[in-house]
Amino acid sequence: MRHFIAIAALAVSTPLAAQAPAPISPEAERELECAMWAAVVSGSVDDPDLKSAFGFALSYWVGRFEGRTGKNFDDFATVEFVTSLEPKVEALRQRCVPEMEAMGKRMQDWGQRMQDTPAPQ
């Protein structure tokens, strides 16, 4: 448990005394949860390829959150928010991994199509 909180504190450098942000939609909250889950996992793995994959996933969900809300994710990803996710870690893994894998496959397929398509002359 302490390990999760320590990683969460490193993943999000928002001051503890920060004012609570305005409420967000359930969809935006789910994206923020997956982003913070990816940040925590990235901070806890040693494998450079896994660390990179979770870093890309973090960026993906931060982009979705900010695109949906028009607000900076770091105003909402407080230490308190990240710490509140601790009891949900397994549920977040089950929810976020399929989306992460689907996006990774889309990116791989796109990269392959780009390689397979002849450059215009």
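This text goes with the structure placed above it.
Caption draft 1: View of the packing of helix α2 (residues 26-44) against helix α5 (residues 89-116). Taken N-terminus to C-terminus, the directions of α2 and α5 make an angle of 95°; their axes are 10 Å apart at the nearest point. With respect to their mutual orientation, α2 and α5 come out roughly perpendicular. Packed against α2, whose contacting residues are R30, E33, C34 and W37, the element α5 presents V89, L92, R93, R95, C96, V97 and M100 at the interface. Residues belonging to the contact of α2 with α5 are distributed by class as follows: seven nonpolar, no polar and four charged.

Caption draft 2: A nonpolar patch on the surface, seen in detail. Where nonpolar side chains cluster on the molecular surface, the patch consists of M107, W110 and M114 and spans about 340 Å² of accessible area. With respect to the helices, strands and loops of the structure, M107 is situated in helix α5. Classification of M107 by relative accessible area gives partly exposed; the value is 47%.

Definitions and limits used
- Once a new chain begins, its residue numbering starts again from 1 and follows that chain's sequence as written.
- Local features in this predicted model are restricted to residues of pLDDT 70 or higher, and side-chain atom pairs are both shown and tallied only at a pLDDT of 80 or more, whereas totals for entire chains, interfaces and linings draw on every residue.
- The basis for every side-chain value is the complete set of heavy atoms in the structure, and neither hydrogens nor water enter the calculation.
- Helix axes are fitted only over the stretch in contact, all axes being lines through C-alpha atoms; the angle between N-to-C directions runs from 0 to 180 degrees.
- Each helix corresponds to a stretch of at least 4 residues labelled H or I by DSSP, and each strand to a stretch of at least 2 residues labelled E; elements are numbered beginning at the N terminus.
- Here is the rule for angles: anything less than 35 degrees is roughly parallel, anything more than 145 is roughly antiparallel, 65 through 115 is roughly perpendicular, and the remaining ranges are oblique.
- In what follows, a contact means two residues having at least one pair of non-hydrogen atoms within 4.5 Å.
- Three classes are used: nonpolar for Ala, Val, Leu, Ile, Met, Phe, Trp, Tyr, Cys and Pro, charged for Asp, Glu, Lys and Arg, and polar for all others, with Gly counted as polar.
- Here a patch means residues that are over 30% exposed by relative accessible area and free of salt bridges, tied together within 9 Å if like-charged and within 5 Å if nonpolar (Val, Leu, Ile, Met, Phe, Trp, Tyr).
- Under the convention used here, a 1.4 Å probe and the Shrake-Rupley method define accessible areas, while residue burial counts only the protein chains that appear.
- Whenever a carboxyl oxygen of Asp or Glu lies within 4 Å of a side-chain nitrogen of Lys or Arg, that contact is scored as a salt bridge.
- Burial classes: relative accessible area under 20% of the type maximum marks a residue as buried, over 50% as exposed, and values in between as partly exposed (1.4 Å probe, protein chains only).

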